Amino acid sequence: PPQWQLLTELLRHDPATPELGAVLVPDGSTVALGPLLAGIEAGLRSGGFGRPLPTLDPPADPLLAVTIAEALGTSFLLAEGGDNNATALGPGGCWDDVENPQNYTLRGPPSPIPDPVAIGAMDGVVLGARLAREPLPVVELLRGYYGTGNSSEGGRTPSSYRRRDFGALAGQRRLEKEVVAVLGVLRTLSLTPELLRDVGTQQVAAVAHRAAREFSERYVECPAIVPRCLWGARPYRGTPAPLWPPLGSVFLHHTLEPAQPCWTFSARARAMRDMQRFHQDTRGWDDIGYSFVVGSDGYLYEGRGWHWVGAHTKGYNTQGFGVGIIGDFTATLPDPDTLALVRDELLPCAIRSGHIQSDFILRGHRQLGHTDCPGNALFQEIQSWPGFQ
């Protein structure tokens, strides 16, 4: 009973306080428990535990329906019927204390699918699909997926691959089909006739297409970026100078310190704070120099971000973004997943989102200054990447 009471409290839905029901998990992600647990229940019932899942009419996948498809369909319908500023996805948010998180606050006007709901839904699909194949104790499932804590340095947690794994299970075409199906199911429910009144078949198809495309672009094809507030950044000193995207260049760096990869969120967050402290207090810069920092834990960390001039490549800071990969890559390369995170996710996503030009130029730091950065091994590697000159 105490556990049930806790879950009831955590999952209480209140549109006025959408931050309720979210938890900070060991990989540094904020996960909404509602869609996560819905996916776990659907997976368990599909695997033969408890009552069998209902057969939906029109046919729809119950796992996708309870995690993301219904939320996507209704969110985009509501945004379409709202004002011009209505959004259907996002925003992200911040915890009040990285080391002892208590309260989570969204960083903008909420949609029905703020980032924690999207992440919880993806995790619900991934874990539900696993339970349908191989039921196992939920506590074992969660510990294995998120990691039992932040002390392991053995490699990335399975949860850091959620975007790839969700995309494999529910690609854009399938997601679009499921949104159409679940909106058909909603027509038959007495609670939702107003939402779908006067919405024809073609409009449902258009809403589903847009919802699946925008969700896939934002949460599957683009990498997760940990905001400054989540790694505990100090304030910027002074007034930052704005960038004017799209920019024409990307400059690749290695950080040298810490020399070993950071596999966990807590280690990565500490390294970011150390780096910022060094740049501000020793170098005398206004802030951490890089635009973004890449950890071996599978995440990008926001430095100066997309909108502010950095201090990464002297003489060229206004012309491009500086991306620093954590580690010393003089003799060895980052692991293949870390390389792919930059080459195959960050750079294409930055083009699609209008931050860099489609014909951007990629350079290593050493090409523009008296330095060995980004290390001999990494510099050799990036010469085969798109955009390198």
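Structure shown above.
Computed from a predicted model, the values in this text were never measured in an experiment. (Residues numbered from 1 in each chain as written. Predicted model: local features only at pLDDT ≥ 70, side-chain atom pairs only at ≥ 80, totals over all residues. Heavy atoms only, no water.)

Go over the sheet that holds strand E6 (residues 247–254), please, and point to the residues and values.
Taking strand neighbours across the sheet as the criterion, the six strands line up as E5-E8-E7-E9-E6-E10 in an open arrangement whose pairing is mixed. Only two strands of the sheet have a single neighbouring strand rather than two, namely strand E5 (225–226) and strand E10 (356–364). Sheet topology note: the E5/strand E8 (residues 300–302) ladder contains two bridges and is parallel. If you follow Val 226 over to E8, its bridge partner there is Tyr 301. Of the strands in this sheet, E5, strand E7 (292–294) and E8 touch helix H11 (residues 265–282), which is tilted by about 40° from E8. (Pairing = 2+ DSSP bridges. Helix = DSSP H or I, 4+ residues; strand = E, 2+ residues; numbered from the N terminus. Contact = heavy atoms within 4.5 Å. Axes fitted to C-alpha atoms, helices over the stretch in contact; angles between N-to-C directions.)

Tell me about the nonpolar core, and name the residues and values.
Ile 68, Leu 72, Ile 113, Phe 166 and Phe 215 are the most contacted members of the largest nonpolar core, which totals 51 residues. When residues of this core are traced back to their parent elements, those giving at least two are strand E2 (30–32), helix H2 (33–46), helix H3 (62–81), helix H4 (115–133), helix H5 (138–146), helix H7 (172–187) and helix H9 (201–221). With 26 residues, the next largest nonpolar core counts Val 309, Phe 321, Ile 325 and Trp 385 among its residues. (Core = buried A, V, L, I, M, F, W, Y, C linked by side-chain atoms within 4.5 Å. Buried < 20%, exposed > 50% of the residue type's maximum accessible area, 1.4 Å probe, protein only.)

Run through the environment of Ala 170, naming residues and quoting values.
The topology assignment puts Ala 170 in the loop between helix H6 (162–169) and H7. For Ala 170, a relative accessible area of 1% corresponds to the buried category. Here the alpha-carbon distance between Ala 170 and Ser 216, two residues 46 residues apart in the chain, equals 9.5 Å. Every residue in contact with Ala 170, bar those within four places of it in the chain, is listed here: Leu 64 and Leu 175.

Got a sec to walk through the pattern of salt bridges? Specific residues and values, please.
Evaluation of the coordinates by the stated rule reveals 16 salt bridges. Here Asp 27 makes a salt bridge to Arg 162, at a shortest N to O gap of 3.2 Å. Taken together, the residues Asp 27 in the loop between strand E1 (22–24) and E2 and Arg 162 in helix H6 connect sequence positions 135 residues apart. With respect to burial, Asp 27 and Arg 162 carry one shared label: buried. One salt bridge connects Glu 221 with Arg 352, and the closest N-O pair in it is separated by 3.4 Å. (Salt bridge = Lys/Arg side-chain N within 4 Å of Asp/Glu carboxyl O.)

Account for the side chain of Arg 163, with residues named and values stated.
Mapped onto the fold, Arg 163 is located in helix H6. Within the buried core, Arg 163 has no salt-bridge partner, and the shortest N-O distance to an opposite charge, that of Asp 115, equals 6.5 Å. Within polar-contact distance, the side chain of Arg 163 engages the backbone oxygen of Tyr 219 at 3.4 Å. Dropping the residues within four chain positions of it, Arg 163 is found in contact with Met 122, Arg 218, Tyr 219, Val 220, Cys 222, Pro 223 and Ala 224. (Lys, Arg positive; Asp, Glu negative; His and termini not counted. Polar contact = N/O pair within 3.5 Å; in protein donor to acceptor, adjacent residues only side chain to side chain.)

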